[in-house]
Amino acid sequence: MRAVILAITALAVSACHAKFKRFAPTLGAVRPQVVLAGGPSVQIGPSGNVLLDVANGIRAVEVAEKLARQVEIDQVNAVFSTGLGATLGDGPPFGITSREAAPTLQIEVTNYGLFVPEIGAQGELVYDLRVRLYLPDGERVYSTSLRCETPVEGADALSEVLGTRDNLGNVLDLRKRKMQAAFDAAGEECGQEIVTQMRRHAD
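Residues numbered from 1 in each chain as written. Predicted model: local features only at pLDDT ≥ 70, side-chain atom pairs only at ≥ 80, totals over all residues. Heavy atoms only, no water.

Caption draft 1: Here's a closer look at the packing of aromatic side chains. For the coordinates displayed, the defined rule picks out five aromatic pairs. Taken together, a centroid distance of 6.4 Å and an interplanar angle of 25° make the contact between tyrosine 112 and tyrosine 127 stacked. Separated by 15 residues along the polypeptide, tyrosine 112 in strand β4 (residues 104-116) and tyrosine 127 in strand β5 (residues 124-134) bring together distant segments of the chain. For the pair formed by tyrosine 112 and tyrosine 127, the shared burial category is buried. Aromatic rings pair up to connect Phe20, Phe94 and Tyr142 into one cluster. (Phe/Tyr/Trp six-rings, centres within 6.5 Å; stacked < 30°, edge-to-face > 60°. Helix = DSSP H or I, 4+ residues; strand = E, 2+ residues; numbered from the N terminus. Buried < 20%, exposed > 50% of the residue type's maximum accessible area, 1.4 Å probe, protein only.)

Okay, here's the thing in structure tokens:
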């Protein structure tokens with residue numbers, strides 16, 4: 001039964017991308033629209049120590065609350081568009097425009113935040129996305145999900161923070177400007193990754 005379900009899922013995904021392949025060469029330029037659908041989260045892997053895990057769970061909530069206060073998501077949305085535009089250029093499979101009448105490339109941010117597999121280990125900045133492309137008449141011609149994971153070494157502001165033993169405590173001490181810069185950098189990389197995936201699905 002599991003094999004049948006997987007096969008049906010694979011066929012559905014293949015059909016969706018087949019439709020995208022047909023439409024991609026004719027779309028011209030598309031208008032990106034970034035929508036926030038979920039708040040920040042912080043995930044910390046188990047340490048094997050129950051008391052430590054409970055304490056880390058509490059601090060993870062504190063860090064998520066700090067992200068909600070300090071990360072300007074509108075600015076992150078802007079850098080998503082920057083990453084898209086810089087990578088797409090004039091195509092393929094299409095370019096970027098601000099025209100209201102153009103097809104809409106909707107990027108829905110369902111989650112963003114930090115993932116640390118265990119205390120002291122290298123962490124990642126993560127974005128979970130749903131990407132959909134609509135024609136001007138509302139018909140959807142593309143749909144995919146994407147999880148962007150940026151190692152903290154790629155974000156200077158957090159490169160040392162999440163490599164320390166007390167990485168959560170140091171995140172709590174991080175200034176807003178540095179936190180924003182880290183998520184901006186990760187968001188721009190994620191915009192580039194969206195283009196890579198779309199090009200693969202359009203081939």
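Still more ground to cover, so stick around.
Caption draft 2: How the structure looks around the packing of helix α3 (residues 73-88) against helix α5 (residues 176-202). At a closest axis distance of 7 Å, the pairing of α3 and α5 adopts a crossing angle of 40°. One finds that α3 runs oblique with respect to α5. The hand of the α3/α5 crossing is right-handed. Contact residues: Gln75, Val76, Val79, Phe80, Thr82, Gly83, Leu84, Thr87 and Leu88 in α3; Gln180, Phe183, Asp184, Gly187, Glu188, Cys190, Gly191, Gln192, Ile194, Val195, Met198 and Arg199 in α5. The residue makeup of the contact of α3 with α5, split by class, is ten nonpolar, eight polar and three charged. (Axes fitted to C-alpha atoms, helices over the stretch in contact; angles between N-to-C directions. Parallel < 35°, antiparallel > 145°, perpendicular 65-115°, else oblique. Left-handed = near helix turned anticlockwise from the far one by under 90°. Contact = heavy atoms within 4.5 Å. Nonpolar A, V, L, I, M, F, W, Y, C, P; charged D, E, K, R; others polar.)

Caption draft 3: Local environment of the pattern of salt bridges. Applying the stated criterion across every chain, the model contains five salt bridges. Residue arginine 31 is joined to glutamate 100 by a salt bridge in which the shortest nitrogen-to-oxygen separation is 4.0 Å. In this pair, arginine 31 is assigned in strand β1 (residues 29-36) and glutamate 100 in the loop between β3 (95-96) and β4, connecting sequence segments 69 residues apart. Taking relative accessible area as the criterion, arginine 31 reaches 15% and is therefore assigned buried. The exposed category is assigned to glutamate 100, whose relative accessible area is 63%. (Salt bridge = Lys/Arg side-chain N within 4 Å of Asp/Glu carboxyl O.)

Caption draft 4: How the structure looks around the environment of valine 71. Residue position: valine 71 is located in the loop between α2 (50-70) and α3. Judged by relative accessible area, which is 4%, valine 71 ranks as buried. Put simply, valine 71 and glutamine 180 are 109 residues apart on the chain and 5.2 Å apart in space, counted from C-alpha to C-alpha.

The quantities given are spatial measurements derived from coordinates; they are silent on function.
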